[in-house]
Amino acid sequence: MTNQIDAIAAAQSHRAANGAAVLAEFVELLALPNVSRNLDDVAAVADRIVGMLQRRGVTARAESQPGAAPLVVGHLTVPNATGTIGIYAHYDGQPVDQPDWSVEPFKPSLFDAPLTEGGVEIPFPIADDGIDPEWRIYARSSADDKAPVMAVCAAIDALSKAGLSPTNNVVFMFEGEEEIGSPHLAAYLHRLGDELAADIWLICDGPVHQTRRPQVVFGVRGISEMEITVHGPARPLHSGHYGNWARNPNLELARLLTSMKDADGTVLIEGFYESTQPITEADRAAVAALPDDDESLRHELGLGDPEGRGEALALRLLLPSLNIRGLDGGAVGERAANVIPVAARASLDIRLASGNDPQHMMELVAAHVRRHGWHLVDADPDAAMLAAHPRVASISMKANYPGVRLPTDSALAALLVGAASAAAGEPAVAVPTFGGSVPLHHFTTILGAPIAITPFANHDNNQHAADENIRIANLWYGVDLMASLLTMPVNH
Ligand SMILES: [Zn+2]
């Protein structure tokens, strides 16, 4: 049975002995345009990846469905495997706004340093020695997210050249429309179902920690969006003739909103925190071990009095948040008029922690509104309706998707941190969750598998922007990481 440490050593010597060839193959992949909406382009990339996998003994094919980019699916089955890991990445990329690029986005170029630090273009290497880990390849998707495809292929080569074998079966899934919101991923997962069964799905996307330390992220938040409109008088009223008698919807809305959250940032809506995956001692320990930049962030962002009574930002992200993203009622400045407006509106988003149901969380907000004396209506109320109730409001809801999170104290979490640390030769940062929302719930709800994010790109890779790049050191770490993951002792 292959030892994980031997596998990492094999990856290191493979890239030392064959670095130029690895980069040459990567350049061919990067040269294929992959803007998500150009279906012919992405289909060509999918075919290329199928070929790359097949050459390495992976049973691979491109699955398709009408109007969708292909989904590349592959299986590497090894004798006496202890478990099965899923490797997910996406091969499509963000649009390329030509004028902003210093180089051609689909003509990969190599620089001896970051462009922002005066890097000079150099030819791609022919020899394997002398490849400087500080060099950078500039091209669309060099980091986000073709790099994992190359890294895992190189890791498979490394193992086979060393006469080693992965100890886990591997299921590959490379998506071609992640950058436009994965519109067909759920349908693909439903269709392929059991074929994609794995002990864990590893989302290979995104950057390492900004301190350059390797990181593993155990979850993402979900999101729901809603609007609350509180209704005032049936028509705008003269504030002189009716002020002190007709209620003002702006004031009523302000009162309603402030009843939802206290000054420390605790949401006061009944049941708001109840369904949240509990914060464990392991979560607290992981957060305490994170590189602490809260204080410098606080200064950078000008936050005089953050919510949460001094709790770490990373801990606050483990809770659902209630955000008022916009307010509308009457007018201000030049457009201000002396009226009592007919309505005031608040637009809210709820960042969902693991465990929170998207619809249910908004129902809790609606129940809170009702408890505060508001009669909820579906359509704009007429005067009769307004006169019949002390307070009338309407609410619209958009349940997007839930968050997911692998428990920080799970065996899999420990394995992943171990795998990343061993590959990097330094302790990996264990992040209990990203604050942002990414629809990774499909893997848990449809496939029934836990997920974790195992990124390796440099934090300054200009993901989604012009001059996207990958630092060679990060690509090499990616190869080592993949070798480590293929041989980590998953216990099925
Ligand atoms: Zn990505």
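The rules behind these values
Residues numbered from 1 in each chain as written. Predicted model: local features only at pLDDT ≥ 70, side-chain atom pairs only at ≥ 80, totals over all residues. Axes fitted to C-alpha atoms, helices over the stretch in contact; angles between N-to-C directions. Helix = DSSP H or I, 4+ residues; strand = E, 2+ residues; numbered from the N terminus. Parallel < 35°, antiparallel > 145°, perpendicular 65-115°, else oblique. Left-handed = near helix turned anticlockwise from the far one by under 90°. Contact = placed C-beta atoms within 7 Å. Pairing = 2+ DSSP bridges. Expected span 1.5 Å × (residues − 1). Buried ≥ 20, exposed ≤ 12 C-beta atoms within 10 Å, placed from the backbone.

Packing of helix 1 (residues 4-30) against helix 14 (residues 472-486) leaves a shortest axis separation of 8 Å and a crossing angle of 150°. If you check the angle between helix 1 and helix 14, you find them roughly antiparallel. Here the hand of the crossing between helix 1 and helix 14 comes out right-handed. Counted together, Q4, A7, I8, A10, A11, Q12 and R15 of helix 1 and W476, V479, D480, A483, S484 and L486 of helix 14 form the full contact between these two elements.

Here we come to the sheet that holds strand 16 (residues 375-376). Strand order in the open sheet made by the five strands is 13-15-11-17-16, with mixed pairing throughout. Pairing within the sheet leaves two strands with one partner each, and these edge strands are strand 13 (321-328) and strand 16. Packed on one face of the sheet, helix 6 (residues 249-258) meets strand 11 (222-231), strand 13 and strand 15 (343-352) and runs near 20° to strand 15. Running at roughly 165° to strand 17 (residues 392-401), helix 10 (residues 358-371) makes contact with strand 11, strand 15, strand 16 and strand 17 of the sheet.

In this section: helix 3 (residues 147-161). If you check helix 3, its first and last C-alpha atoms are 21 Å apart, about what 15 residues at 1.5 Å a residue would give, namely 21 Å. Among the 15 residues that make up helix 3, 13 are buried, leaving the element largely enclosed by the rest of the structure. Looking one or two residues beyond helix 3, the residue adopting positive phi is G163, at roughly 70°.

Before going further, it helps to spend a moment on the sheet that holds strand 4 (residues 109-111). A sheet is described by the order of its strands in space; here four strands give the open sequence 5-4-6-21, paired in antiparallel fashion. Looking at the sheet topology across the chains shown, the edges are occupied by strand 5 (121-122) and strand 21 (469-471). Along the sheet, helix 14 contacts strand 6 (136-138) and strand 21; its crossing angle with strand 21, the most-contacted strand, is approximately 70°.

On their own, these measurements won't tell you what the molecule is for.
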